[in-house]
Amino acid sequence: MRRAIRPAFSCHTGQQHMPSYTPSDIEARWQDAWDKAGIFQAKRDESRPKYYVLEMFPYPSGRIHMGHVRNYTLGDVVARYKMATGHNVLHPMGWDAFGMPAENAAMAIGGHPRDWTYNNIKDMRGQMKPLGLSIDWSREFATCDPEYYGQQQALFLDFLDAGLVHRKNAQVNWDPVDMTVLANEQVIDGKGWRSGAEVERRELTQWFFKISDMAGELKDALDGLDNWPAKVRLMQENWIGESRGLQFAFSLIGQPDDGAPAPDGFDRIEVYTTRPDTLAGASFVGISPDHPLAKTLERNSAEVAAFNAECRKGGTTAAEIETAEKLGFDTGLRVRHPFDTSWELPVYIANFILMDYGTGAIFGCPAHDERDLEFARKYDLPVTSTFAPTNTEGFTAPEDGGAAFVPGKDVTVHFVRPLGGDPRDMTGDAAIIEAIETCETNGVGQGVTKYRLRDWGLSRQRYWGCPIPVVHCDTCGVVPEKKENLPVELPYDVSFDTPGNPLDRHPTWRDCACPKCGAPAQRETDTMDTFVDSSWYFARFTAPRADTPTVAEDAAYWMNVDQYIGGVEHAILHLLYSRFFARAMQITGHLPASAIEPFDALFTQGMVTHAIYQTPGDNGRPVYHYPEAVELKGDKAFLKDGGAEVEIVPSAKMSKSKNNVVDPLNIISSFGADTARWFVLSDSPPERDVEWTASGAEAAYKHLSRVWNISHRITDMDADAAGEGDDDLLRAMHKCIHDVTVAIESFGFNAAIAKLYAFTATLQKSKAGHAAQRTAIMTLAQLMAPMTPHLAEAIWSHQGGAGLITLADWPQADEAMMVDDTVTLPIQINGKRRGEITVPADMSKEDVEKLALASQPVQKALDGGQPKKVIVVPGRIVNVVV
RNA sequence: GCGGGCGUGAUGGAAUGGUAGACAUACCAGACUUAAAAUCUGUUGGGGCGUAGCCCCGUGUGGGUUCGAGUCCCACCGCCCGCACCA
């Protein structure tokens, strides 16, 4: 039976006198030593290059998980490596502490969100400290600290002053039972995720950051983020959604059929299109049910009102949208085609037109748009192509019942009805440019660039968030709170026994004096989206106790974050919002212009996964078993209790519901933090998922024990002992220094660890003398120090190294020592390996060629003939073409 | 549908266009042991032959570029991720 390996507390074999590897002693001792020396407390020092490493700060759920261990270990390797290479490192940690789980906990189990949160923080800090991270805990803060959110309120007021925030009506998902606004992700199948109530679309007055004003800038600046994953840049680019098109107006000529009066102020309908080259194929004009014109018509017509209401009910999930039927309502209104005054088009209200994109109105060209074609066929509207394939063989035109013809814009097609000019072949791109020019020349509209990105709504009808520091006064309206009154602090005496926002029903909290006229007024009870909290914490870390949001000298010195590390799930919102905030903070004087892109380099790590063990359950649903309850035999698994065979489902994200969670605390208490750190780095490249396996963790522990044992073996050697192969060992050491350094620089931590395994094996087998072996083990400890800092310190001190290894300079690879005297060159014949020769490393190309040609496999292949060609790549390979 | 990425042993994964499978797991065998654990050593891509050795095939499939392709190009197949009624 397999047994988990535990640190042996005693060793009875009698053969070894060395103390065994006991991480619990070692790790506590060195964490204490680092603490006492205060080496991780960052101080401004203009004489050294600074380096700011940041991992995305955690939500204080109360328990760390393996994903945290991986995230912080990655950052710690970078931080410790940079420290060893002469950098002044800032490596802070804090808590993303506002948010719904705290309120949910208060509702579910009682208690107060604040107590729940601070208790969790205390617990999680206690769980993180044993990991031995090089964190400057003196800078720690939580976003729910009044000292933090008060400064956030100050930022908000400055943004408001600078015109970066505004208030407007917006459609929101309203949960009528919980009486709160829900984010889109919290609406599942049209129902509130908590209450299960049918979600309503309500119009509320909300606060918005004007991020859409910066859409173009945020998109263009992506090009400069060379050290971000291309994938993240692309996701942001798509999210911002830049498009180039034509905006123009149709003039209204008709009256509703029922003779109702023409709606006031609607003599024209503005539309936006990215395909102005299809204008000659226009068939109808469509407006959104939320378009001002539709809303005006709705007031005079019960029919329109009913139609619009029907449209608004529709769900927003992907499946619903895909299957939803295209619905239209003929308003009876008619518009004139801008290029042909005799051409009239009907105006429909249509359910598939979104109010918040473009102008909320379109012209339909059924020949070149699938939605428009479906709509036109349903309502019997004309279909007219403006272009067709250059080769029409086998092509059925949409007019003749074929599908809508929608080629890529870079495809050359034959334009039957171009907007200006004679029929001819051109690409869609060229035709669009020409169409915009034609329209602009004829005064029919302008080319415009639009963005999909919408303003960022920050109002939340919740308690546990940063209060929005404004006051509503009967005479003055919406008035910003005075800065000297900040922070607007959350009241503690609230209850969660009834739904809705506790701030709303608090007996006195709302009451205040108007900052402008002094009359009795009421505070805003909405709080800020928690994404606001995380949009500037990185800047706050540079001066976490300041009584202004930032301090110019500190921000100038520490910003930007040189390396940011976190999950790809934040690729869009958190990172985009932070980029917006950095710009807004620059405009309001809180960050230097050099920090408008706050993250120089971004690394997105993969998840920690684990196999799922399941057996069939009674009701057909699988029963999940904890890893501890399962025994592995080869590639099969059995229940320890009863021995039934267990199905092993391929690895998936650790999840409580699947019982495949491995608790870092258990691993640390069994094997130590160094083992956990080593393992999460070793098995997969950091950007990919890593599968946690018990055998892999054991192997990591065994390896660290081995290194420990080697160190003791070396100290037991006769100090004057000479040996064999000193040079070979040192050569391998210098190669290892080089390879590990290159690997760490490029985030190839798994590759670095592979090299360390290989060098450990070399050292273990080495017969070199004491001096060489001592040099080798101390260098090995240094190279391992970023990953397993406690073990590295223990070995360093055990070998008599000066000071802390954490403060020692990173070892330098000696190029001269990396060159072997001889090299073994593979010999290829016609590109296939057929043999090898060993030659002095400095042998000339010509001599290598001669030797190669004389070699047995080449002679055999030539069979007396002459080679056609011989390629010699010095130090690499010889290829003979016969 | 649109955009992007990835396909390498039983498994996780290595390979600046230059010896494919480093390193680790798993498996198997051996040493030590009364035995086990621990520790150490070794084997393991597939196939074949005249088996101390040698040969052939092999990085999803098919083609191409090159002296040489896992790597570059084209097409296809499969999987994964992001976005999606965005005019």
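Residues numbered from 1 in each chain as written. Chains lettered and ligands numbered in written order. Predicted model: local features only at pLDDT ≥ 70, side-chain atom pairs only at ≥ 80, totals over all residues. Heavy atoms only, no water.

Peer 1: How would you summarise the packing of aromatic side chains if you had to cite specific residues and measurements?
Peer 2: Going through the model one piece at a time under the given rule, you end up with 48 aromatic pairs. Where Phe-98 meets Trp-464, the ring centres are 4.9 Å apart and the plane angle is 80°; that geometry is what we call edge-to-face. With Phe-98 in the loop between strand E2 (88-90) and helix H3 (100-109) and Trp-464 in the loop between strand E19 (459-460) and strand E20 (470-473), this pair connects stretches of sequence that are 366 residues apart. A relative accessible area of 4% places Trp-464 in the buried class. Here the aromatic residues Phe-57, Phe-141, Tyr-148, Trp-536, Tyr-537, Phe-538, Phe-541, Tyr-564 and Phe-599 are joined through ring pairs into a cluster of three or more. Against the face of Tyr-272 rests Lys-450, its NZ or CZ located 5.4 Å from the ring centre. In this arrangement the basic side chain of Arg-452 is found over the ring face of Trp-239, its NZ or CZ atom lying 5.0 Å from the centre. (Phe/Tyr/Trp six-rings, centres within 6.5 Å; stacked < 30°, edge-to-face > 60°. Helix = DSSP H or I, 4+ residues; strand = E, 2+ residues; numbered from the N terminus. Buried < 20%, exposed > 50% of the residue type's maximum accessible area, 1.4 Å probe, protein only. Lys NZ or Arg CZ within 6 Å of the ring centre and 35° of its normal.)

Peer 1: How would you explain the protein's contact with RNA strand B if you had to name every residue and give the values?
Peer 2: Near RNA strand B, the surroundings consist of 47 residues, among which Thr-273, Thr-274, Leu-354, Arg-371 and Asn-879 are the closest. When atoms of RNA strand B within 4 Å of the protein are split into backbone and base, the sugar-phosphate part holds 61%. Between a sugar or linking oxygen of RNA strand B and a side-chain N or O atom of Thr-273, the distance comes to 2.9 Å. Looking at which element gives the most residues to the surface near RNA strand B, the answer is helix H22 (residues 749-765), with five residues. For the surface near RNA strand B, the residue count by class is 19 nonpolar, 12 polar and 16 charged. (Near = heavy atom within 4 Å. Polar contact = N/O pair within 3.5 Å; in protein donor to acceptor, adjacent residues only side chain to side chain. Nonpolar A, V, L, I, M, F, W, Y, C, P; charged D, E, K, R; others polar.)

Peer 1: Tell me about the side chain of Ser-243, and please be specific about residues and values.
Peer 2: Looking at the element boundaries, Ser-243 is found in strand E8 (residues 242-252). Take Ser-243: its relative accessible area is 14%, and that puts it in the buried class. A distance of 2.8 Å separates the side chain of Ser-243 from the side chain of Tyr-272, its partner in a polar contact. A distance of 3.0 Å separates the side chain of Ser-243 from the side chain of Tyr-357, its partner in a polar contact. Residues contacting Ser-243, with those up to four places away along its chain left out, are Tyr-272, Thr-274, Tyr-357, Val-448, Thr-449 and Lys-450. (Contact = heavy atoms within 4.5 Å.)

Peer 1: Residue-level account of H22, with values.
Peer 2: With 17 residues, H22 extends 25 Å from end C-alpha to end C-alpha; this agrees with the ideal 24 Å at 1.5 Å per step. Inspection of H22 places Phe-749, Ala-752, Ile-753, Leu-756, Phe-759, Thr-760 and Leu-763 among the buried residues, and these make up the whole buried set. For H22, the angular spread of the buried residues around the axis is 125°, confining them to a single face. Turning to H22, the residues buried within the fold contact helix H2 (66-84), helix H19 (673-682), helix H20 (694-715), helix H21 (726-745) and helix H23 (770-784). (Expected span 1.5 Å × (residues − 1). Arc of directions from axis to C-beta.)

Peer 1: I'd like a description of the pattern of salt bridges, backed by residues and values.
Peer 2: As enumerated under the stated definition, the model contains 31 salt bridges in all. Close ionic contact of Glu-374 with Lys-326 constitutes a salt bridge, the shortest N to O distance being 4.0 Å. Here the residue Glu-374 occupies a position in helix H11 (residues 370-378), and Lys-326 occupies one in the loop between helix H10 (318-323) and strand E11 (328-337), the gap between them amounting to 48 residues. A salt bridge links Lys-755 to Asp-739; its shortest N-O distance comes to 3.8 Å. Of this pair, Lys-755 sits in helix H22 while Asp-739 sits in helix H21, and the two are 16 residues apart along the sequence. Judged by relative accessible area, which is 26%, Asp-739 ranks as partly exposed. In the salt-bridge network here, residues are joined through shared partners; they are Glu-217, Arg-579, Arg-583 and Glu-597. (Salt bridge = Lys/Arg side-chain N within 4 Å of Asp/Glu carboxyl O.)

Peer 1: Could you give an account of the side chain of His-87, naming the residues involved and the relevant values?
Peer 2: In this structure, His-87 sits in the loop between H2 and E2. At a separation of 3.1 Å, a polar atom in the side chain of His-87 contacts the side chain of Thr-85.

Peer 1: Quick one: what's the story with unusual backbone geometry, residue by residue and with numbers?
Peer 2: Here the bond from Leu-486 into Pro-487 is cis, since omega is -5°, no more than 30 degrees from zero. Mapping Pro-487 onto the fold places it in the loop between strand E21 (477-480) and helix H13 (502-505). With an omega of 5°, the peptide bond between Met-559 and Asn-560 qualifies as cis. Tracing the backbone through its elements, the reader meets Asn-560 in the loop between helix H16 (552-558) and strand E25 (563-567).

Peer 1: Summarise the sheet that holds strand E34 (residues 832-840); cite the residues concerned and give the values.
Peer 2: Pairing is mixed in the open sheet, where four strands are placed in the order E34-E33-E36-E35. Edge positions in the sheet fall to E34 and strand E35 (869-873), since each has one partner strand and no second. Averaged over neighbouring strand pairs, the angle between their axes works out to 20° when direction is ignored. Direction of pairing for E35 relative to strand E36 (residues 877-881): antiparallel, over a ladder of five bridges. Residue pairing in the sheet places Val-873 in a bridge with Ile-877 of E36. (Pairing = 2+ DSSP bridges. Axes fitted to C-alpha atoms, helices over the stretch in contact; angles between N-to-C directions.)

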